[in-house]
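Given next are the chains, with one letter for each unit.
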Amino acid sequence: MGKADFLSPKAISNRIKAKGLQKLRWYCQMCQKQCRDENGFKCHCMSESHQRQLLLASENPTKFMDYFSDEFKSDFLELLRRRFGTKRVHNNIVYNEYISHREHIHMNSTQWETLTDFTKWLGREGFCKVDETPKGWYIQYIDRDPETIRRQEEQARKKKQELDDEERSARMIEEQVRKGREGKGTDETPVYTELKRESEEEKGVALKAASSSSLTSVKRKDSSSDSRGGEKKKKSALEEIIEMEKKKQQQQQPVRTDDWLQPNIIVKVITKRLGEKYHKKKAVIMEVRDKYTAVVKMIDSGDKLKLDQNHLETVIPAPGKRVLILNGPYRDMEALLEGIDEKHFSAALTLDSGPQKGKRVDIAYEDFSKLA
């Protein structure tokens, strides 16, 4: 039987089969050759090249198994690090994505018999954090890159320095308060005694002395009042510290967060893993769990799903509809959509709640969503 003609239906079918994944039982790991069917695999096993590979493997089988195991471990961890980072993910999700590549190392040629054994080994060796749940095994990659460790240490050092500054300011405030209390406690109460005179001459002398002392006391009071008036213009150290803290709090603006899920908003499912039934369909968030996971109810079918934040996106309604702001300085505030600026990917909103009700603000598309 001759070879199929170029661009004939049979030739096109053969090319499609050659490009796609084939059955695992017809794959030879030693020769790294994929056969299309049982007959082709049988012919390959009887070939001279396959027999040579078997002879080489029989001389040192441990060497080949260690090589395949090391390659499988390296490729699996590289995919986990690049695709999921340090996020906690189900081990089967990573494995399915790994075996979707045509030239992957098959697990039956490694030292691990099952994916569970390999997952436990990763936990024992310290490559990942693993934990078993009723839904299966979850893994979390441990990033040991020197640059990442240095960046984490730098962030920890900055955070510790900020805490030290706050403790130092609090200690200074406590010291000022303590000194103020001690100063009040040391004030002496005046003691009054009875004035006794023996003769009229002493009485006249005493009157003159009293009048002169009264004049000097008036002068002293005037001078002291002037000096006190000047002191009022100067603030104490305690007042300066309090004023600095107030200014620091006023200058601090609300920071953005990486979580935006909120109950009672309408979102759109963007993941294709659930099939065309749910892809690009709208749903209502019924519950938010652990900041990044939402329990949603599909508007069309009424089905309830548990999805990650990365599998959802916000929904922009028509002008005049009510929305909820999900991020930024106006987070958790309800607003009315006035208009959409397609050039800058933002919308004009009028705040409908909070102390700034009635204020008009510009918010990016991803920072608000339609209310259910």
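Looking at an unreviewed UniProt entry, one finds the protein chain named DNA/RNA-binding protein KIN17 and attributed to Neolamprologus brichardi. In the Sequence similarities (unreviewed entry) part of its UniProt record, the protein chain is described as follows: "Belongs to the KIN17 family."

Asker: A description of the overall build of the protein chain should follow, citing residues and the corresponding values.
Answerer: For the protein chain, the helix and strand inventory stands at 9 helices and 15 strands. Within the protein chain, buried positions represent 26% of all 372 residues. Put simply, of all contacts in the protein chain between residues at least 6 apart along the chain, 46% involve residues at least 24 apart. Carbon and sulfur atoms make up 51% of the accessible area of the protein chain, which amounts to about 27,100 Å² in all.

Asker: Let's hear about the pattern of salt bridges: which residues, and what values?
Answerer: Per the counting criterion, the structure on display carries 13 salt bridges. Note that Asp259 is salt-bridged to Arg331, the shortest N-O span being 3.3 Å. With Asp259 in the loop between α9 (237-251) and β6 (266-269) and Arg331 in the loop between β11 (322-325) and β12 (334-341), the pair connects residues that are 72 residues apart, well separated along the chain. In this structure Asp259 comes out as buried when scored by relative accessible area, which is 11%.

Asker: Describe the pairing of strand β7 (residues 282-289), and please don't skip the residues or the numbers.
Answerer: As judged from the 3 bridges shared by β6 and β7, these two strands associate in the antiparallel manner. Pairing of Ile266 across the sheet is with Val284, part of β7. As defined by bridge partners, β7 adjoins strand β8 (residues 293-298) across 6 bridges and the pair is classed as antiparallel. Bridged to Val288 within β8 is Ala294. The antiparallel hairpin formed by β7 and β8 contains 3 residues in its connecting segment, where Asp290 sits at a positive phi of about 55°.

Asker: How would you explain the sheet that holds strand β13 (residues 346-351) if you had to name every residue and give the values?
Answerer: Taken in spatial order, the 5 strands of this open sheet run β14-β13-β12-β11-β15, and their pairing is antiparallel. Because the sheet does not close on itself, it has two edges, and the strands there are β14 (360-364) and β15 (368-370). Direction aside, neighbouring strands of the sheet carry axes that sit 45° apart on average. Where β11 and β15 come together, 3 bridges link them in antiparallel fashion. Residue pairing across strands places Ile325 opposite Phe368, the latter belonging to β15.

Asker: Just give me the short version of the nonpolar core, but keep the residues and values in it.
Answerer: Phe72, Phe76, Leu80, Val94, Phe118 and Leu122 are the most contacted members of the largest nonpolar core, which totals 21 residues. Only α4 (61-84), α5 (91-99), α6 (115-125) and β5 (136-141) provide two or more residues apiece to this core. At 7 residues, the largest contribution of residues to this core is made by α4. Once residues within four sequence positions are removed from consideration, Val94 is found in contact with Phe76, Leu79, Leu80, Phe84, Val89 and Ile139. Counting 17 residues, the second-largest nonpolar core is a separate cluster that includes Val267, Tyr278, Val296 and Met298.

Parameters and conventions
- Residues numbered from 1 in each chain as written.
- Predicted model: local features only at pLDDT ≥ 70, side-chain atom pairs only at ≥ 80, totals over all residues.
- Heavy atoms only, no water.
- UniProt positions renumbered as here; feature names shortened; annotations may be inferred.
- Helix = DSSP H or I, 4+ residues; strand = E, 2+ residues; numbered from the N terminus.
- Buried < 20%, exposed > 50% of the residue type's maximum accessible area, 1.4 Å probe, protein only.
- Contact = heavy atoms within 4.5 Å.
- Areas by Shrake-Rupley, 256 points an atom, 1.4 Å probe, with all protein chains shown as cover.
- Salt bridge = Lys/Arg side-chain N within 4 Å of Asp/Glu carboxyl O.
- Pairing = 2+ DSSP bridges.
- Axes fitted to C-alpha atoms, helices over the stretch in contact; angles between N-to-C directions.
- Core = buried A, V, L, I, M, F, W, Y, C linked by side-chain atoms within 4.5 Å.

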